[in-house]
Protein chains: 2
Amino acid sequence: MNLIEKYPVELYNTLSRKKELFKPITEGHIGIYLCGPTVYSDPHLGHARGNIGFDVMNRYFQYLGYKVRFVRNVTDVGHLEDEVQGAGEDRISKKARLEKLEPMEIVQKYINSYRKYMDMLKILQPSIEPTASGHIIEQINIVKNILEHGFAYEVNGSIYFDVMKYMESGKRYGELSGKIVEDLMSGSRNLEGTEEKKNPVDFAIWKKAKPEHIMKWDSPWGEGFPGWHVECTAMSAKYLGVPFDIHCGGMDLQFPHHESEIAQCNGAFGKSPVNYWMHNNMLTIDGQKMARSLGNFITLEELFNGSHEKLEQAYTPMTVRFFTLQTHYRTPIDFSNEALQAAEKGLNRLMNSLDVLNSLTYTKENELNQNLEKEINELIESCFLSLSDDINTPQTLASLFDLSKHINSFKDGKTDLGSISKETFNNLKKYFNDFVTVILGLEKENSGNNDKLDGVMKLVLDIRKQARENKDWPLSDKIRDELAKAGIQVKDGKEGTSYSIN
Amino acid sequence: MNLIEKYPVELYNTLSRKKELFKPITEGHIGIYLCGPTVYSDPHLGHARGNIGFDVMNRYFQYLGYKVRFVRNVTDVGHLEDEVQGAGEDRISKKARLEKLEPMEIVQKYINSYRKYMDMLKILQPSIEPTASGHIIEQINIVKNILEHGFAYEVNGSIYFDVMKYMESGKRYGELSGKIVEDLMSGSRNLEGTEEKKNPVDFAIWKKAKPEHIMKWDSPWGEGFPGWHVECTAMSAKYLGVPFDIHCGGMDLQFPHHESEIAQCNGAFGKSPVNYWMHNNMLTIDGQKMARSLGNFITLEELFNGSHEKLEQAYTPMTVRFFTLQTHYRTPIDFSNEALQAAEKGLNRLMNSLDVLNSLTYTKENELNQNLEKEINELIESCFLSLSDDINTPQTLASLFDLSKHINSFKDGKTDLGSISKETFNNLKKYFNDFVTVILGLEKENSGNNDKLDGVMKLVLDIRKQARENKDWPLSDKIRDELAKAGIQVKDGKEGTSYSIN
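Residues numbered from 1 in each chain as written. Chains lettered and ligands numbered in written order. Predicted model: local features only at pLDDT ≥ 70, side-chain atom pairs only at ≥ 80, totals over all residues.

Turning our attention to the overall build of chain A. Scanning chain A from terminus to terminus reveals 17 helices and 17 strands. Along the first, second and third principal axes, the C-alpha set of chain A runs to 90 × 55 × 35 Å. In chain A, buried positions account for 44% of the 502 residues. Sequence separation of 24 or more characterises 72% of the internal contacts of chain A that already satisfy a separation of 6 or more. (Helix = DSSP H or I, 4+ residues; strand = E, 2+ residues; numbered from the N terminus. Buried ≥ 20, exposed ≤ 12 C-beta atoms within 10 Å, placed from the backbone. Contact = placed C-beta atoms within 7 Å.)

Here it is in structure tokens:
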């Protein structure tokens, strides 16, 4: 039995509000679309959170044997300041004006930054990374289709989605977010630049460009640019088909963005775009919402170099990744120095266990302990089962830490390695490694000159051993102190002396 | 006087076949367009060579004070197998078929690889990195313009550039490459799939897509895709204007690609696209052309990990960069193990001089040596003058090595540092650093755990010093030998003991 059959995956579908057994449209293949960044500012904690959770899902599906096509778009046009009303200035154009650059220079600058930090966080690169500005024809075709099917109207060179017509056709605008159209109607008003809409709840799928607007293209309705929501409909349809398997994003995107994607896809193709909608929860910082106005808006650059005033120290990308995985993706997560410092320690413990495990040599069976055998195999099994249970990473980490205890017990000699069978030992070694590195994507940091450092440290520890044998305590103490100053911890254990990097 | 005025730059213009004084269209600003990769295979030596030379030009212009907009495109559609005849299969579609991926997955895979290796080579990221598939509307508009102006004709859904009409208008197709249209006509024939052309020398600017073709878009002439040469005309015009300052590329692109860009731009806008055309020369391997059929086709991955059978060892990105800069961009370059090994040594010497220079402390003037003062300042001046002379990097390196001799002479105590003025010393320090790192883009490799390693090495060298003072030769020898084993060289000098990493 292959892994796909052995570990069927359940995912929480925002649309049905319950966990559902995942079944791909094409056997063995999965199409995933993740709403990527609007590239007008530096990537921040929110980007880390959203990507890490779905990255583990991607890695887990691939590990099980699925062929995944993972599409993460880049929004480089059409995302206006007021995204609910679809009003205000284009976010990238505005930043271009502020930084005195061409809009596409802004896009390049921030997409480079985004890719760099996602790489540092060990987020797998998407299979396809399409841009909104690179798919104008595809978006115009979506708008044409929606117009032809009567779910949109043109006013003065702009095209609006007609929510009332959509509702009259028996569809529900609000099915994903749970919003009620009547509430939306009474709760909102037409802001400046949106008076053309028949109803406040209608949204632009194509906007006429003002003469001073830089990012605009020819269309059957004159020069303009696509509405923000259209790009995801166009690009997911092009690269994943209609419908496709899984659409992910932050829960703040449920409305109006994802809600409108559903409406547009129904309007253009007469069917729903996605079988499983998945949303990650939000984050807080010391219990507060992250906001520039609150002075707690932390970019990944600041997090990794410790320069933000709220930070007591720098935190490595792997610490942030580990910390994020300690919380289930559907649960809110609170960042604080205490929590990150605890995560740093936890990560070190886990990675040390991995090193210990890889340094163990199995010699031979010696009075098999059936209970221990069973426990270890069940913990391995539980790593699979937790990830198959709506990507429950905290549960997987808990099982890995339970396994760590056994690993350390083998190392310390408290438990004889021979009390488990060679097969169980091999399973432990294989799956512990795979879960930590391949699936959770955790790895040791600072791997630059490690080989040289290792060579020198062997020498230093050897000199220290000699000094201790000669009872040359000043030298032995000096070595320990100077290493501590350099950030290297020496540990004397049963199996000899080892060191770890702080 | 600012640097731009002080060091006017001359560039060899392929169009005029001579060096010309460079004058930007807008004072203080430069627009540069470099033909980027067709992303259907791994980046190789040729990509390294082209990018490194023009990267130094970009860095030098920025250092002088210019604001540079550097556009490097990505060809992800329309580059057919036979690029002279514009015939055969699309290179990316073909690779997609072979690798069983969607064409845009191929594009993503190889653009990721390209970016990774360019980063390793310390090529500055372009200001804008536009894709051909992302600018279909812009390309259609170019084709429309050319049609309207009578320089193209439609046959069965494809549009061809009419070279004869172009010549009749008084323009010369061949002005860049020196080709004679009559020769082209008699030397070529209409291959399969190109019978529609009035003349063999005509080229497709829009191709009708066959039903099985994946990468195709709506156009006024039906579904199709743009001809390869059109993307550069469309994207350079969009992001740099018409005309713009500098167009670079490999000399193999002069014909038909760049020649056709000139014709298209004249056809669409009635003016020439570019003021300065620059082309880098080609490379050979052990004196032979690099070709898959000769078994000497070396990718950057193979070069950096030493896995190709022609390679005696791995060469680092900085060695390759240094090696490339030792040859002027317009001169052919021959890669061989001997030459790369010599470059590795040269780079180490240069970087060691940089370290030595940065470790020197100027105390006070002591019998000024006017000749030496003058020589050092002239060598610094010559670094500028050589780069201003058509980016003559080998000449700049020669001056830096002459400066190195003086630096080492100060270090060894052969020349008293006080024999040059503090001002000259400061100039030497500033400009030597700037030329090596900022302008030539060279840096020390292996910077991962250097801080830890440095801390431990201080301790080790301290223990060794103590051992020598105690005449504990066995310990002192052991330290030297073990460090050598770890790839670390200890050097005893006048100013104390230092180490270097092999």
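Let us look at the relation of the copies chain B and chain A. For the pair chain B and chain A, the superposition axis carries a translation of 0.1 Å, the fit reaches an RMSD of 0.4 Å, and the rotation angle comes to 180°. What the rotation and shift describe, once combined, is the action of a two-fold rotation axis. (Least-squares fit on C-alpha atoms with pLDDT ≥ 70 in both.)

On to the pairing of strand 11 (residues 244-250) of chain A, then. Residue and element names in this part refer to chain A. Buried residues dominate strand 11, accounting for six of its seven residues. Sheet topology places strand 3 (residues 29-34) next to strand 11; three bridges connect them, and they run parallel. Bridge pairing in strand 11 places isoleucine 32 opposite isoleucine 246. Where strand 11 lies against strand 12 (residues 274-280), six bridges are found, and the strand directions are parallel. Bridging from a neighbouring strand, histidine 247 pairs with tryptophan 277 of strand 12. (Pairing = 2+ DSSP bridges.)

Let us look at the environment of A:Leu387. Residue and element names in this part refer to chain A. For leucine 387, the location among the structural elements is in helix 13 (residues 370-388). By the C-beta count within 10 Å, which is 25 here, leucine 387 ends up buried. Distance from leucine 387 to serine 127, taken between C-alpha atoms, is 22 Å for residues 260 residues apart in sequence. Setting aside residues no more than four positions away along its own chain, leucine 387 makes contact with Tyr60, Asn392 and Thr396.

It is worth spelling out the sheet that holds strand 12 of chain A at this point. All names here are of chain A. Overall, parallel pairing links the four strands, which are arranged 4-3-11-12 in an open sheet. Both outer strands of the open sheet, strand 4 (67-72) and strand 12, are each paired with one neighbouring strand and no more. Across the sheet, the mean angle from the axis of one strand to that of its neighbour is 20°, orientation sign disregarded. Lying over the sheet, helix 8 (residues 228-240) contacts strand 3, strand 4 and strand 11, oriented at roughly 155° with respect to strand 4. (Axes fitted to C-alpha atoms, helices over the stretch in contact; angles between N-to-C directions.)

Attention shifts here to the packing of helix 11 (residues 317-325) of chain A against helix 12 (residues 337-359) of chain A. Residue and element names in this part refer to chain A. It is at 9 Å that the axes of helix 11 and helix 12 come closest, and there the two elements cross at 100°. By the angle between their directions, the pair helix 11 and helix 12 is classed as roughly perpendicular. In contact with Met318, Thr319, Phe322 and Phe323 of helix 11, helix 12 contributes Ala339, Leu340, Ala343, Glu344, Gly346 and Leu347. Broken down by class, the residue content of the contact of helix 11 with helix 12 amounts to seven nonpolar, two polar and one charged. (Parallel < 35°, antiparallel > 145°, perpendicular 65-115°, else oblique. Nonpolar A, V, L, I, M, F, W, Y, C, P; charged D, E, K, R; others polar.)

Pairing within the open sheet is mixed, and its three strands lie in the order 14-13-15 (chain A). This sheet does not close on itself; its edge strands, each paired only once, are strand 14 (288-289) and strand 15 (333-335) of chain A.

Before going further, it helps to examine the packing of helix 2 (residues 45-64) of chain A against helix 15 (residues 422-439) of chain A. Residue and element names in this part refer to chain A. Relative to each other, helix 2 and helix 15 sit at 135°, their axes nearing to 10 Å. The angle between the axes of helix 2 and helix 15 places the two elements in the oblique class. Contacts from Val56, Arg59, Tyr60 and Tyr63 of helix 2 reach helix 15 at Asp434, Val438 and Ile439. Partitioned by chemical class, the residues of the contact of helix 2 with helix 15 number five nonpolar, no polar and two charged.

What follows is about the domain arrangement of chain A. One can read the domain layout of chain A as domain 1 (3-280), domain 2 (285-439) and domain 3 (450-501). A C-alpha centroid distance of 27 Å is found between domain 2 of chain A and domain 3 of chain A. (Domains from an automatic or database assignment.)

This next bit is on the nonpolar core. Grouped together as the largest cluster of nonpolar side chains are 242 residues, with contacts concentrated most on A:Val143, A:Ile205, B:Val143 and B:Ile205. Not counting the four nearest positions on each side in its chain, B:Ile205 is found in contact with B:Val143, B:Ile146, B:Ala152, B:Ile159, B:Tyr160, B:Phe161, B:Pro226, B:Gly227, B:Val230 and B:Gln264. In this structure, A:Val460, A:Ile488, B:Ile479 and B:Ile488 belong to the second largest nonpolar core, which totals 18 residues. (Core = buried A, V, L, I, M, F, W, Y, C linked by C-beta atoms within 7 Å.)

This part is about the confidence of the model for chain A. Considering every residue of chain A, the mean pLDDT works out to 92; 96% of them sit at 70 or more. Taken over the whole predicted complex, pTM reads 0.86, whereas the ipTM for its chain interfaces reads 0.81. (pLDDT = per-residue confidence, 0-100.)

This next bit is on the interface of chain B and chain A. At the junction of the two partners, chain B supplies 41 residues and chain A supplies 41 residues. Among the elements of the structure, helix 4 (103-120), helix 5 (136-148), helix 16 (450-469) and helix 17 (473-485) of chain B are those that each provide at least two residues to the side of chain B that touches chain A. When grouped by side-chain class, the residues that make up the side of chain B that touches chain A number 19 nonpolar, 14 polar and eight charged.

Of all 16 residues that make up helix 9 (residues 254-269) of chain A, 13 are buried, and the element is covered over most of its length. Positive phi appears at A:Gly270, one or two residues downstream of helix 9 of chain A, with a value of about 70°.

Okay, unusual backbone geometry next. Each neighbour pair has its own omega, and for A:Phe255 with A:Pro256 the value is 0°, a cis peptide bond. Tracing the backbone through its elements, the reader meets A:Pro256 in helix 9. Put simply, B:Val242 and B:Pro243 share a cis peptide bond, and its omega is -5°. With respect to the secondary-structure elements, B:Pro243 resides in the loop between helix 8 (228-240) and strand 11 (244-250).

Right, let's get into the environment of B:Asp389. Residues and elements named next belong to chain B. Structurally, aspartate 389 is set in the loop between helix 13 (370-388) and helix 14 (393-412). By C-beta crowding, aspartate 389 is classed as partly exposed, having 18 other C-beta atoms within 10 Å. Residues aspartate 389 and lysine 19, 370 residues apart in the sequence, show an inter-C-alpha distance of 8.6 Å.

Moving on, we get to helix 12 (residues 337-359) of chain B. Residue and element names in this part refer to chain B. For helix 12, built from 23 residues, the straight-helix expectation of 33 Å at 1.5 Å per residue is met to within 8% by its first-to-last C-alpha distance of 33 Å. Within the span of helix 12, buried status applies to Leu340, Ala343, Leu347, Ser353, Leu354 and Leu357. Tucked inside the fold, the buried residues of helix 12 contact helix 11 (317-325), strand 15 (333-335), helix 14 and helix 15 (422-439). (Expected span 1.5 Å × (residues − 1).)

The next subject is the pairing of strand 8 (residues 158-161) of chain A. All names here are of chain A. Because side chains alternate across strand 8, one face comprises the buried residues Ser158 and Tyr160, and the other comprises Ile159 and Phe161, equally buried. Where strand 7 (residues 152-155) meets strand 8, four bridges bridge the pair, whose relative direction is antiparallel. If you follow valine 155 over to strand 8, its bridge partner there is serine 158. Connecting strand 7 to the antiparallel partner strand 8 that follows it, the hairpin turn spans two residues, and asparagine 156 within it adopts a positive phi of roughly 55°. One ladder, built from three bridges, connects strand 8 with strand 9 (residues 203-208); its direction is antiparallel. Of the residues in strand 9, the one forming a bridge with tyrosine 160 is alanine 204.

A separate point is the environment of A:Asp334. All names here are of chain A. If you trace the backbone, aspartate 334 turns up in strand 15. Taking the C-beta count within 10 Å as the criterion, aspartate 334 has 13 such neighbours and is therefore assigned partly exposed. Each C-alpha atom, one on aspartate 334 and one on glycine 287, is 6.1 Å from the other, the two residues being 47 residues apart in sequence. Excluding residues that lie within four positions of it along the chain, aspartate 334 makes contacts with Thr284, Gly287 and Ala339.

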